[in-house]
Amino acid sequence: SSRERRRLERRPPSVERTKGSEILFGVAPCSLALTQARRDLFRLFLKQSSGSRRLVMSELVLQATARGVPVHHVRKRELDALCRGQVHQGVCLEATPLHFKSLEEAEKPDLGDEESPNRQLIWLVLEQIQDPMNLGAVLRSAYFLGVDRVVTSQRNSCPLTPTVSKASSGAMEVFDVYSTDDLRSFLKAKAAEGWEVVGTVSQPEDVENVPVISCSEFRWNKPVIIVIGSEGDGLSLETQLLCHRLLAIPPGRALHPGIESLNVSVAAGILLHSICSQKLKHGD
């Protein structure tokens, strides 16, 4: 019937996908993926005739051409179908996924002066962050504020998906993210190397002999690891007990019961800023 035919015409044409690829979406992730050479790239899809974004689009075409990536101009509904209705800003890129790096890869001794003992290193450790929007926002803040490395727990953590890249505003495309399958051994090993391990809590109650202080009072004089816990439960007790100190963000008013905590990515931004700003003051 003609109705049936119209329905079929309305369905966006499906694009044959390269095996093992994923679809990145959004200007920042796609543009940075094109310039970084960390992924294999297959095709760039751009929305036809985007007037206001013409400059951005021509820049993307140049980047794709430089990398030898074919460019396809398609309709908006095809882009919507490619990224399943996410906010693509007229751009999708078919590419291989990014994966966590293993800490073993990281421990090669060719890091030079970064590992000199007096340098104020700051690593951010994420225990079971499961929401891709939160993970992306945390990576964006960590990159912006000068964190040297981000490490996630492998178990119950969100993978590095295109949604994470978009939420990170492309920071995921330039910033390595590491992962460990044994968070506790890793923290113990860093503590033995002389790092200070600092956990975060939303309520300033002392945990079995681990002092809790306000993040504004925290001073540091050695490399530091900040550990942030999952959206709902915070840090596990076992991890809290491996911390030298716990940091809390003091609220600015008496809080109504039930709204006593911050979004995990906002909390990460505040904590990192209060610690990283001291790094700038002290210099290297």
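Residues numbered from 1 in each chain as written. Predicted model: local features only at pLDDT ≥ 70, side-chain atom pairs only at ≥ 80, totals over all residues. Heavy atoms only, no water.

The protein goes by rRNA methyltransferase 1, mitochondrial in an unreviewed UniProt entry, where it is assigned to Lophotis ruficrista. Check the Subcellular location (unreviewed entry) section of the UniProt entry for the protein; it says "Mitochondrion". Recorded in UniProt under Sequence similarities (unreviewed entry), the annotation for the protein is "Belongs to the class IV-like SAM-binding methyltransferase superfamily. RNA methyltransferase TrmH family." (UniProt positions renumbered as here; feature names shortened; annotations may be inferred.)

(A) Local environment of the packing of aromatic side chains. For the coordinates displayed, the defined rule picks out 3 aromatic pairs. An angle of 10° between the planes, with centres 6.2 Å apart, marks the rings of Trp 123 and Phe 186 as stacked. Taken together, the residues span a long stretch of sequence, with Trp 123 in strand S6 (residues 122-126) and Phe 186 in helix H9 (residues 183-192) at a distance of 63 residues. With relative accessibility at 1%, the residue Trp 123 sits in the buried group. Using a relative accessible area of 9% as the deciding quantity, one classes Phe 186 as buried. Ring geometry for Trp 123 versus Trp 195: centroids 4.8 Å apart, planes at 55°, classification tilted. (Phe/Tyr/Trp six-rings, centres within 6.5 Å; stacked < 30°, edge-to-face > 60°. Helix = DSSP H or I, 4+ residues; strand = E, 2+ residues; numbered from the N terminus. Buried < 20%, exposed > 50% of the residue type's maximum accessible area, 1.4 Å probe, protein only.)

(B) Region of the structure containing the layout of surface pockets. Taken as a whole, the largest pocket spans an internal volume of roughly 790 Å³. Looking at the lining of the largest pocket, the elements that each hand over two or more residues are strand S10 (212-214), strand S12 (245-248) and helix H11 (264-282). (1 Å grid on protein atoms, 1.4 Å probe; cavity = no way out; pocket = protein on both sides within 12 Å on 5 of 7 lines; lining within 4 Å. Points joined across faces, edges and corners; volume = space filled by probe spheres on them.)

(C) Fine view of the pairing of strand S4 (residues 91-95). For S4, a buried count of 5 out of 5 residues is recorded, marking the element as mostly surrounded by other parts of the structure. Here S4 shows no split at all, with Val 91, Leu 93 and Ala 95 on one side and Cys 92 and Glu 94 on the other all buried. Bridge count for strand S1 (residues 22-25) against S4 is 4 bridges, and the pairing is antiparallel. Looking at S4, one finds that Phe 25 is bridged to Cys 92. The pairing of strand S2 (residues 41-47) with S4 spans 5 bridges and is classified as antiparallel. (Pairing = 2+ DSSP bridges.)

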